[in-house]
Amino acid sequence: MPFEQELQVAKEAVRKASLLCSAAQAGLVDSEKHDKADKSPVTVADYGAQALVLSTLAAAFPNDPAVGEEDSSDLRKEENAELFSRVVEYAQKVDGSLDAESVLAAIDRGKHAGGSQGRFWTLDPIDGTKGFLRGQQYAVALALIENGEVVLGVLGCPNLPVDPANANSEKGSLLFAVKGQGAFQAPLSEIDSATKISVDQIDDPAKAVFCESVESGHTAHGRSAAITNALGTSVEPFRMDSQCKYAAVSRGQASVYLRLPTRPGYEEKIWDHAAGYIVLQEAGGRIADTFGNPLDFSLGRTLKNNKGIVATSPAVFESVVKAVVDSAE
Ligand SMILES: Nc1ncnc2c1ncn2[C@@H]1O[C@H](COP(=O)(O)O)[C@@H](O)[C@H]1OP(=O)(O)O
Ligand SMILES: [Mg+2]
Ligand SMILES: [Mg+2]
Ligand SMILES: [Mg+2]
């Protein structure tokens, strides 16, 4: 099967990073958090997960570059020495061969510019850091992009119940897909026992369950309420952080994920969507931006030709996209 080795390495890297994140989330203290220059939060777990995943990829595929969200510049500053030593401790607990220097080097493997040529990985070590800090949903998101197209994706969702129908079932789900091979889910505790997943077939948008970001700064909550109203349902979207929203639609827990721009200049990052995108496509879903245009992952580190996201199961796609486009007028 194409990408068999890549999938195996990516699943194991995401599993290990998810373990690190769960351990850190359980007892996170103030010295393990930091605000980046853009004021967004980052934690020991974001850095530790990026170090683990990118060092694992470097060992297996030394010639593959990576586009990662984090870089080591803040960790190298004297004032963040304590944060840095905690990152190294967490990384070492999972991979004893990592030391301070190799942690920094691994994190900085994520500086690739992306683009339309060749292949590269893209990693969000914690997608939904704000959800992570609230003790809620987040995802470790890793994807492989070849000649501008997403060909493989793995989502580690440490707090997502394995059984979509039972919120009290074991927490920790791994979702993955390779282009043309379908989408699968396994418990994070047993990543080799995977089952196929697929989207729902609801064709009446009034009956569709919608989901969206918790953060009002990441998606326009008022506009989504207007869209659901226009489609004949007064039920507002349920809110969840991170690419777990792609997971929810991929396994039929929701029919629609809306991400509606709040700031005109914001460009969505490729690591915030690539893994969820391929998992959802392979589960039978459809994805466009808020103008109905296909997502273009070939333009560098951001989706600069797209605005927002509309991700749905197939039978409601056209009507939901139309309602989203109409809501902009
Ligand atoms: N203005 C914005 N619009 C959309 N997404 C944003 C915005 N600001 C940050 N994000 C990204 O949203 C993601 C979380 O999504 P969600 O709210 O659905 O959980 C984060 O990766 C975050 O990016 P960053 O990784 O730079 O912090
Ligand atoms: Mg993110
Ligand atoms: Mg992140
Ligand atoms: Mg971030």
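Residues numbered from 1 in each chain as written. Chains lettered and ligands numbered in written order. Predicted model: local features only at pLDDT ≥ 70, side-chain atom pairs only at ≥ 80, totals over all residues. Heavy atoms only, no water.

Per an unreviewed UniProt entry, the protein chain goes by 3'(2'),5'-bisphosphate nucleotidase and derives from Pelagicoccus mobilis. In its Cofactor (unreviewed entry) section, the UniProt entry covering the protein chain states "Mg(2+)". (UniProt positions renumbered as here; feature names shortened; annotations may be inferred.)

Quick notes on the overall build of the protein chain
What the protein chain contains, in helices and strands, is nine helices and 14 strands. For the protein chain, whose C-alpha radius of gyration is 19 Å, the value lies close to the compact-globule estimate of 20 Å for 329 residues. If you line up the protein chain on its principal axes, its C-alpha atoms span 55 × 45 × 45 Å. Looking at the protein chain residue by residue over its 329 residues, the buried ones come to 57%. (Helix = DSSP H or I, 4+ residues; strand = E, 2+ residues; numbered from the N terminus. Rg over C-alpha atoms; globule rule 2.2 N^0.38 Å. Buried < 20%, exposed > 50% of the residue type's maximum accessible area, 1.4 Å probe, protein only.)

A look at the coordination of the magnesium ion (ligand 2)
Ideal geometry at a metal centre: 109.5 degrees between donors when four sit tetrahedrally, and 90 or 180 degrees when six sit octahedrally. On the protein side, the magnesium ion (ligand 2) has Asp124 (OD), Asp127 (OD) and Asp272 (OD) as donor atoms, found 1.9 to 2.2 Å from it. Here the donor residues of the magnesium ion (ligand 2) are spaced in sequence according to D-x2-D-x144-D. The distance between the magnesium ion (ligand 2) and the magnesium ion (ligand 3) comes to 3.6 Å, with Asp124 serving as a donor to both metals. Note that Asp124 is positioned in strand 4 (residues 119-127) and Asp272 in the loop between strand 12 (256-259) and helix 8 (274-282), a separation of 148 residues in sequence. (Donors = N, O, S within 2.8 Å, 3.2 Å for Na, K, Ca; no water.)

Thoughts on the coordination of the magnesium ion (ligand 3)
The protein atoms that coordinate the magnesium ion (ligand 3) are Glu69 (OE), Asp124 (OD) and Ile126 (O), at distances spanning 2.0 to 2.2 Å. Sequence spacing of the donors to the magnesium ion (ligand 3): E-x54-D-x1-I.

Remarks on the site of ligand 1
The environment of ligand 1 is made up of 17 residues, and the closest members are Ser213, His218, Ser242, Lys245 and Asp272. The separation between an oxygen atom of ligand 1 and a polar main-chain atom of Ser242 is 2.6 Å. Lys245 is positioned with one of its side-chain polar atoms (N or O) 2.6 Å from an oxygen atom of ligand 1. In the shell around ligand 1, the residues fall into one nonpolar, seven polar and nine charged. A domain split of the shell around ligand 1 shows at least three residues from each of domain 1 (4-197) and domain 2 (205-327). (Near = heavy atom within 4 Å. Polar contact = N/O pair within 3.5 Å; in protein donor to acceptor, adjacent residues only side chain to side chain. Nonpolar A, V, L, I, M, F, W, Y, C, P; charged D, E, K, R; others polar. Domains from an automatic or database assignment.)

Remarks on the side chain of Gln243
The topology assignment puts Gln243 in the loop between strand 11 (238-239) and helix 7 (244-250). Non-local contacts of Gln243, meaning those with residues more than four positions away in its chain, are made with Asp127, Ala139, Ala141, Leu155, Trp271, Asp272, His273, Ala274, Ala275 and Gly276. (Contact = heavy atoms within 4.5 Å.)

Some thoughts on the UniProt feature "binding site: Mg(2+)" (unreviewed entry) in the protein chain
Under the UniProt annotation, the feature "binding site: Mg(2+)" (unreviewed entry) is placed at Glu69, Asp124, Ile126, Asp127 and Asp272. Across 204 residues in sequence, these annotated residues keep their C-alpha atoms within 9.6 Å of one another, forming a single compact spot. Summarising the element assignment, Glu69 is placed in the loop between strand 3 (66-68) and helix 3 (81-94). If we skip the residues at most four places from it in the chain, Glu69 touches Lys36, Gln50, Leu123, Asp124, Pro125, Ile126, Trp271 and Arg301. Polar contacts involving the side chain of Glu69 include one to the side chain of Lys36, which spans 3.1 Å.

Let's talk about the nonpolar core
Of all hydrophobic cores here, the largest spans 50 residues; its most connected members are Val103, Trp121 and Leu152. The set of elements that each furnish at least two residues to this core consists of helix 1 (4-26), helix 2 (44-60), helix 3, helix 4 (100-107), strand 4, strand 5 (139-146), strand 6 (149-161) and strand 7 (171-178). In this structure Trp121 touches Glu6, Ala10, Leu57, Phe61, Asp64, Pro65, Ala66, Val67, Leu142, Ala143, Leu144 and Leu152, once residues within four positions along its chain are discounted. The next biggest cluster of nonpolar side chains, apart from the first, holds 39 residues, and it includes Val67, Ala139, Met240 and Ala248. (Core = buried A, V, L, I, M, F, W, Y, C linked by side-chain atoms within 4.5 Å.)

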